[in-house]
Amino acid sequence: MSRLTVLEVPHPVLRETAQPVETVTPEIQQILSDMLETMYATNGVGLAGNQVGLLQRLVVIDCGADKPEPIKMVNPEIIARSETRVCHNEGCLSVPREYADVERWESVTVRYTDENGREQTRTAEGLLAIAMQHEIDHLDGKLFIDYLSPLKRKLLLKHLEKRRKKAARLAQEAESAE
Ligand code: NI
């Protein structure tokens, strides 16, 4: 097992479309395990291939409340959804420490191939439904900030940049103090 590097905005790979996986090989199984380990280490609830620089349609999610409930999905696809929508405050490991309200379908049915190469269908609601939509968006090069108004998105990214600059300055100061 090894931890992968999570790419952050504005990395171009986050904007690309991931390609379908033809066969679930041991290599794919290993990547899924590494993605899960990376997600747990960064306290995320979901991670998509693009976020670790892999343009393959791979997603891991764990929305378990009391105990781990890992889900590994290959080629996930939304095949049905509710009529109703819900608003939820979302964040993303690729847009670190920034959050915003996003409206999504309240429940979705996702078809995917599991890590053993078997086709699965799963209907989800609540946080899991939101995470599934958020992660599948990643595979199509879409981020949660794309749902915000241009002004809100601009402010959020400006805030993120400001925090990055501050962190870089502090690191530099710490270095010169040594
Ligand atoms: Ni994300």
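None of these values were measured; they are calculated from a predicted model.

**Student:** Explanation requested: the side chain of histidine 138 in the structure shown.
**Tutor:** Along the polypeptide, histidine 138 turns up in helix H2 (residues 126–139). Judged by its relative accessible area of 1%, histidine 138 is buried. Once residues lying within four places of it in the same chain are set aside, the contact partners of histidine 138 are Leu14, Glu16, Ala48, Asn50, Gln51, Cys92 and Leu143.

**Student:** Help me understand the coordination of the nickel ion in this model?
**Tutor:** The textbook angles at a metal center are 109.5 degrees for a tetrahedron of four donors and 90 or 180 degrees for an octahedron of six. Coordination of the nickel ion by the protein comes from Cys92 (SG), His134 (NE2) and His138 (NE2), over a distance range of 2.1 to 2.3 Å. Motif for the nickel ion, donor spacing along one chain: C-x41-H-x3-H. With a gap of 42 residues between them, cysteine 92 in strand S4 (residues 85–92) and histidine 134 in helix H2 connect regions that are remote in the sequence. Judged by relative accessible area, cysteine 92 falls into the buried class, the value being 10%.

**Student:** Sorry if this is basic, but what is going on with the pairing of strand S6 (residues 107–113) here?
**Tutor:** Regular strands show a simple pattern: their side chains alternate between the two faces of the sheet. Most of S6 sits inside the fold, with five of its seven residues counted as buried. Two strands pair when backbone bridges link them, and strand S3 (residues 70–81) and S6 are joined in this way by five bridges, in the antiparallel orientation. What sits directly across from glutamate 77, in S6, is arginine 111. Bridging between S6 and strand S7 (residues 119–125) involves seven bridges; their strand directions are antiparallel. Bridge pairing links serine 107 to glutamate 125 in S7. From the end of S6 to the start of S7, which pair antiparallel, there are five residues, and glycine 117 there has a positive phi angle of about 85 degrees.

**Student:** How should the domain arrangement of the chain be read in this particular structure?
**Tutor:** Quoted interface sizes are often the accessible area lost when the parts come together. The domain boundaries assigned to the chain delineate domain 1 (12–147) and domain 2 (149–178). The distance between the C-alpha centroids of domain 1 and domain 2 comes to 27 Å. Interface area, domain 1 with domain 2, both sides summed: about 720 Å², of which 56% is carbon and sulfur. Applying the counting criterion to the domain 1 and domain 2 interface returns one salt bridge. The tally of links between domain 1 and domain 2 comes to five residue pairs in polar contact (both at pLDDT 80 or more). For the side of domain 1 that touches domain 2, the residue count by class is six nonpolar, no polar and three charged.

Thresholds applied
- Residues numbered from 1 in each chain as written.
- Predicted model: local features only at pLDDT ≥ 70, side-chain atom pairs only at ≥ 80, totals over all residues.
- Heavy atoms only, no water.
- Helix = DSSP H or I, 4+ residues; strand = E, 2+ residues; numbered from the N terminus.
- Buried < 20%, exposed > 50% of the residue type's maximum accessible area, 1.4 Å probe, protein only.
- Contact = heavy atoms within 4.5 Å.
- Donors = N, O, S within 2.8 Å, 3.2 Å for Na, K, Ca; no water.
- Pairing = 2+ DSSP bridges.
- Domains from an automatic or database assignment.
- Buried area = accessible area lost by both parts, 1.4 Å probe.
- Salt bridge = Lys/Arg side-chain N within 4 Å of Asp/Glu carboxyl O.
- Polar contact = N/O pair within 3.5 Å; in protein donor to acceptor, adjacent residues only side chain to side chain.
- Nonpolar A, V, L, I, M, F, W, Y, C, P; charged D, E, K, R; others polar.

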